[in-house]
Amino acid sequence: MTRIELVEGDITHEHVDAIVNAANATLLGGGGVDGAIHRRGGETILDACRDLRRERYPEGLPVGEAVATTAGDLPARWVIHTVGPVYRRERDPASLLARCHLACLRVADELGAATVAFPAISTGAYGYPVREAAAVAIDAVQDAETKVDEVRFVLFGREAYRAFDEALETG
Ligand code: AR6
């Protein structure tokens with residue numbers, strides 16, 4: 001059984017095997033969590049992302065998929081990049097958001113990562129209401145078949161923390 005922990009704070013400070021990045025299809029950086037990860041993690045993450053674009057994802061990383069790179073200077077071994085759904089653009093954002101979580105856990109299993117920190121994917125620039133996203137994220141992790149021991153949701157701010165706490169209580 002995977003243990004689920006909730007933390008309020010900045011994901012770039014988490015000491016875990018893998019940190020999940022709420023990226024965009026270009027994999028070349030952006031604002032929010034993505035910006036913070038590249039800022040603190042340094043150039044080696046961006047270099048690895050450029051290689052991925054060239055070698056595996058010339059069109060970009062599709063929504064709902066995940067791929068790992070080095071974590072550079074972050075206190076983790078890997079960053080797992082995933083692209084969440086833009087809430088208003090998708091007909092079924094919930095299944096895509098669930099798929100992101102499952103894809104990240106599959107990559108974590110392949111890497112042998114036992115502890116994984118997730119941000120609240122899609123709830124910033126991509127406009128997913130945080131209470132809805134929290135329910136989807138918690139359900140997806142609870143239902144996942146994975147060897148990951150601990151999933152730590154690292155939430156930025158009280159509102160996001162409360163939303164995940166409620167989803168965990170009621171889920
Ligand atoms: N640690 C933890 N959570 C954070 C941090 C941090 N350092 N910074 C922001 N959050 P977002 P998205 C929270 O916008 O909605 C980027 O430009 C934030 O408060 O980072 O999936 C990408 O390049 C929110 O709750 O990701 C994409 O273009 C959550 O993380 C796009 O944004 C997600 O917000 C992806 O949008």
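The numbering scheme is per chain: residues are counted from 1 as the chain's sequence reads. For this predicted model, a pLDDT threshold of at least 70 governs which residues receive local features, and a threshold of 80 or more governs which side-chain atom pairs are given and counted, while totals over whole chains, interfaces and linings are taken from all residues. Only hydrogens and water are set aside when side-chain values are computed; all heavy atoms of the structure are taken into account.

**Things to note about the pattern of salt bridges**
Argument step 1. The salt bridge definition used is simple: a Lys or Arg side-chain nitrogen within 4 Å of an Asp or Glu carboxyl oxygen. Per the counting criterion, the structure on display carries eight salt bridges.
Argument step 2. Ionic pairing is found between Glu8 and Arg158, a salt bridge with its closest N-O pair at 2.8 Å. With Glu8 in strand 1 (residues 3-8) and Arg158 in helix 5 (residues 158-170), this residue pair connects regions lying 150 residues apart in the sequence.
Argument step 3. Under the relative-accessibility criterion, Glu8 is labelled partly exposed at 37%.
Argument step 4. Only protein chains enter the accessibility calculation, which uses a 1.4 Å probe; a residue is then buried when its area is under 20% of its type maximum, exposed when over 50%, and partly exposed in between. By relative accessible area, Arg158 is classed as partly exposed at 45%.
Argument step 5. For Arg50, the salt bridge identified is with Asp47, shortest N-O distance 3.4 Å. Here Asp47 and Arg50 lie together in helix 2 (residues 43-55), a separation of three residues that amounts to about one turn.
Argument step 6. What makes Arg50 partly exposed here is its relative accessible area of 40%.
Argument step 7. Look at the salt bridges and you will find they share partners, linking Arg3, Glu5, Glu14, Glu150 and Arg152 into a network. Here a helix means four or more residues in a row that DSSP labels H or I, a strand means two or more in a row labelled E, and each is numbered from the N terminus.

**What to know about helix 4 (residues 130-143)**
Argument step 1. Every helix has an expected span of 1.5 Å times one less than the residues it contains. An ideal rise of 1.5 Å per residue puts 20 Å on 14 residues; helix 4 measures up with 20 Å between its terminal C-alpha atoms.
Argument step 2. Among all positions of helix 4, only Val130, Ala133, Ala134, Val136, Ala137, Ile138, Ala140 and Val141 are buried.
Argument step 3. It only takes one pair of heavy atoms within 4.5 Å for two residues to be counted as in contact. Check the buried side of helix 4 and you find it contacts strand 1, helix 3 (93-111), strand 6 (150-155) and helix 5.

**Regarding the nonpolar core**
Argument step 1. We define the nonpolar core as a collection of buried residues of types Ala, Val, Leu, Ile, Met, Phe, Trp, Tyr and Cys that are connected through side-chain atoms lying within 4.5 Å of one another. If you look at the biggest cluster of nonpolar residues, it comprises 36 residues, and the most contacted ones within it are Ile80, Val116, Phe118, Phe153 and Phe164.
Argument step 2. Of all elements in the fold, only strand 1, strand 2 (18-23), strand 4 (78-83), helix 3, strand 5 (115-118), helix 4, strand 6 and helix 5 reach the threshold of two or more residues within this core.
Argument step 3. Excluding anything up to four places from it in sequence, Phe164 contacts Leu6, Ala120, Val130, Ala134, Ala137, Ile138, Phe153 and Leu155.
Argument step 4. Counting 19 residues, the second-largest nonpolar core is a separate cluster that includes Ile37, Cys49, Ala71 and Ala117.

**What to know about the sheet that holds strand 2**
Argument step 1. Pairing between strands is defined by DSSP: at least two bridges between them are needed. Within the open sheet, the six strands sit side by side as 1-6-5-2-4-3. Their pairing is mixed. The open sheet has two edge strands, strand 1 and strand 3 (66-70), and neither has a second partner. Put simply, the sheet's adjacent strands are angled 25 degrees from each other on average, direction ignored.
Argument step 2. Of the strand pairs in this sheet, strand 1 and strand 6 are connected by six bridges, and their pairing is parallel. Counterpart to Glu5 in the pairing with strand 6 is Arg152.
Argument step 3. Note on definitions: angles span 0 to 180 degrees between N-to-C directions of axes, and those axes are lines fitted to C-alpha atoms, for helices only across the stretch in contact. On the sheet, helix 2 packs against strand 3 and strand 4 and is oriented at approximately 135 degrees with respect to strand 3.
Argument step 4. Its contacts with the sheet put helix 5 on strand 1 and strand 6, and the angle it makes with strand 1 is roughly 160 degrees.

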